[in-house]
Amino acid sequence: MRASRGSEAEVEERRQAVLRHVAQEGEIRIAELAARMRVSVMTMHRDLDNLHERQLLRKGRGVATAFSNVAMESALRFRENSHMELKTAIADALAEEVSPGDTVLIDCGSTLFPLARRLATVDGIRVITNSLRITYLLAASPAEVTLLGDRYYEDFESCAGPQSRRQLQDIRATVAFVTATSVREGRLYHPVREYAETKQAYLQAADRAVLAVDHSKFGRTATYPYGDVGGYDLLVTDADTPESELRPVRDLGVEIRTVEVRTDDSPG
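Residues numbered from 1 in each chain as written. Predicted model: local features only at pLDDT ≥ 70, side-chain atom pairs only at ≥ 80, totals over all residues. Heavy atoms only, no water.

Identification of the protein as DeoR family transcriptional regulator from Streptomyces gilvosporeus is taken from an unreviewed UniProt entry.

What follows is the structure, encoded as structure tokens:
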């Protein structure tokens, strides 16, 4: 059994692996989780207490239980710490699209949080977003930040709706960075209609549009389709995205930039 101590990043990485195990099983005994993760039962209890307090799973007597698939697909708290190495690598590529003095639109997806941190150091930048989290990440920076207002969705920690879309009609940005919940054969999907429509409005408000999606979002659908990747100038993804999903994007005439990074979620 390996030692359970480690850096904060290593502990969080282990807890995210625990969360994945619980999500896959639906319910699993704590002792079995400890054995799988090769840590003590006491360490596993500490990990599960942390995840329970963060509302990422339910910890009961001797077992850990996942939330419903619908909740896990939509809530930001489940997505924020997943694929962090990929999100960091994607942010490096996205940051190359920004210059000092630009007006930048940023969607509310967690994939863009590392990008927001990088933009805090860009001179004379103006950021417009519907994400409270991105607004918070830029709060102490010299960037000028505008928050689009409308109905607040707690699961996404952001606003969406007709008022946000009307605000976007009066904006002209240099570049828009947008994420997608699901992409299949070049088509885009989202589980909430208001967000599907707001993402479309982002495209109309910018001179250049960049879609940031890691491999885990491809080959999937959700309730509301909202066009295809052809509305974007650039797709930034990672090397684990299947070629069968990239081919329809190329057929739409969209430039593709892939980043490479090894993670615990990657095969091999």
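The structure having been displayed, the exposition proceeds.
**Student:** Outline the environment of Ser 99, listing residues and values.
**Tutor:** By the secondary structure assignment, Ser 99 is in the loop between helix H6 (84-95) and strand S4 (103-106). Using a relative accessible area of 38% as the deciding quantity, one classes Ser 99 as partly exposed. For the pair Ser 99 and Thr 174, spaced 75 residues apart in sequence, the C-alpha separation works out to 9.3 Å. (Helix = DSSP H or I, 4+ residues; strand = E, 2+ residues; numbered from the N terminus. Buried < 20%, exposed > 50% of the residue type's maximum accessible area, 1.4 Å probe, protein only.)

**Student:** Which residues make up the packing of helix H9 (residues 162-169) against helix H10 (residues 193-204), and what values do they have?
**Tutor:** Between H9 and H10, the shortest axis-to-axis distance is 9 Å and the interhelical angle comes to 0 degrees. One element, H9, and the other, H10, form an angle in the roughly parallel class. On the side of H9, the interface is formed by Pro 162, Arg 165 and Leu 168, while H10 contributes Glu 194, Glu 197, Thr 198, Ala 201 and Tyr 202. Among the residues forming the contact of H9 with H10, the class breakdown is four nonpolar, one polar and three charged. (Axes fitted to C-alpha atoms, helices over the stretch in contact; angles between N-to-C directions. Parallel < 35°, antiparallel > 145°, perpendicular 65-115°, else oblique. Contact = heavy atoms within 4.5 Å. Nonpolar A, V, L, I, M, F, W, Y, C, P; charged D, E, K, R; others polar.)

**Student:** Lay out the sheet that holds strand S13 (residues 224-228) with the relevant residues and their values.
**Tutor:** Pairing within the open sheet is antiparallel, and its three strands lie in the order S10-S11-S13. At either margin of the open sheet sits one strand with a lone partner, and together these are strand S10 (182-184) and S13. With strand direction ignored, the average angle separating the axes of adjacent strands in the sheet is 30 degrees. On the sheet, H10 packs against strand S11 (187-190) and S13 and is oriented at approximately 15 degrees with respect to S13. (Pairing = 2+ DSSP bridges.)

**Student:** A description of the pairing of strand S14 (residues 234-238) should follow, citing residues and the corresponding values.
**Tutor:** Among the five residues of S14, five are classified as buried, and the element is accordingly described as predominantly covered. Relative to S14, strand S12 (residues 206-212) runs parallel, the two sharing three bridges. For Leu 211, the partnering residue across the bridge sits in S14 and is Leu 235. The pairing of S14 with strand S15 (residues 255-259) spans five bridges and is parallel. Each bridged residue has a counterpart across the sheet, and for Leu 235 the counterpart in S15 is Ile 256.

**Student:** For the packing of helix H2 (residues 30-37) against helix H3 (residues 41-53), give the residues involved together with the corresponding values.
**Tutor:** Interaxial distance between H2 and H3 falls to 9 Å at its minimum, and their mutual angle equals 105 degrees. Classified by the angle their axes make, H2 and H3 are roughly perpendicular. Across from Ile 30, Leu 33, Ala 34 and Met 37 in H2, the residues of H3 making contact are Val 41, Met 44, His 45 and Leu 48.

**Student:** Go over the pattern of salt bridges, please, and point to the residues and values.
**Tutor:** In this structure the tally under the stated criterion is 18 salt bridges. Taking the shortest distance from any N to any O, the salt bridge between Glu 25 and Arg 36 comes out at 3.2 Å. Here Glu 25 is found in helix H1 (residues 8-25), whereas its partner Arg 36 is found in helix H2, with 11 residues between them in sequence. Judged by its relative accessible area of 43%, Glu 25 falls in the partly exposed class. By relative accessible area, Arg 36 is classed as partly exposed at 32%. Of the charged contacts, one joins Lys 199 and Asp 107 as a salt bridge, the two residues approaching to 2.4 Å between their closest N and O atoms. Of this pair, Lys 199 sits in helix H10 while Asp 107 sits in the loop between S4 and helix H7 (113-119), placing them 92 residues apart in sequence. Both residues of the pair, Lys 199 and Asp 107, count as buried. Among the ionic contacts, a cluster of salt bridges with common partners joins Glu 96, Glu 97, Arg 208, Glu 255 and Arg 257. (Salt bridge = Lys/Arg side-chain N within 4 Å of Asp/Glu carboxyl O.)

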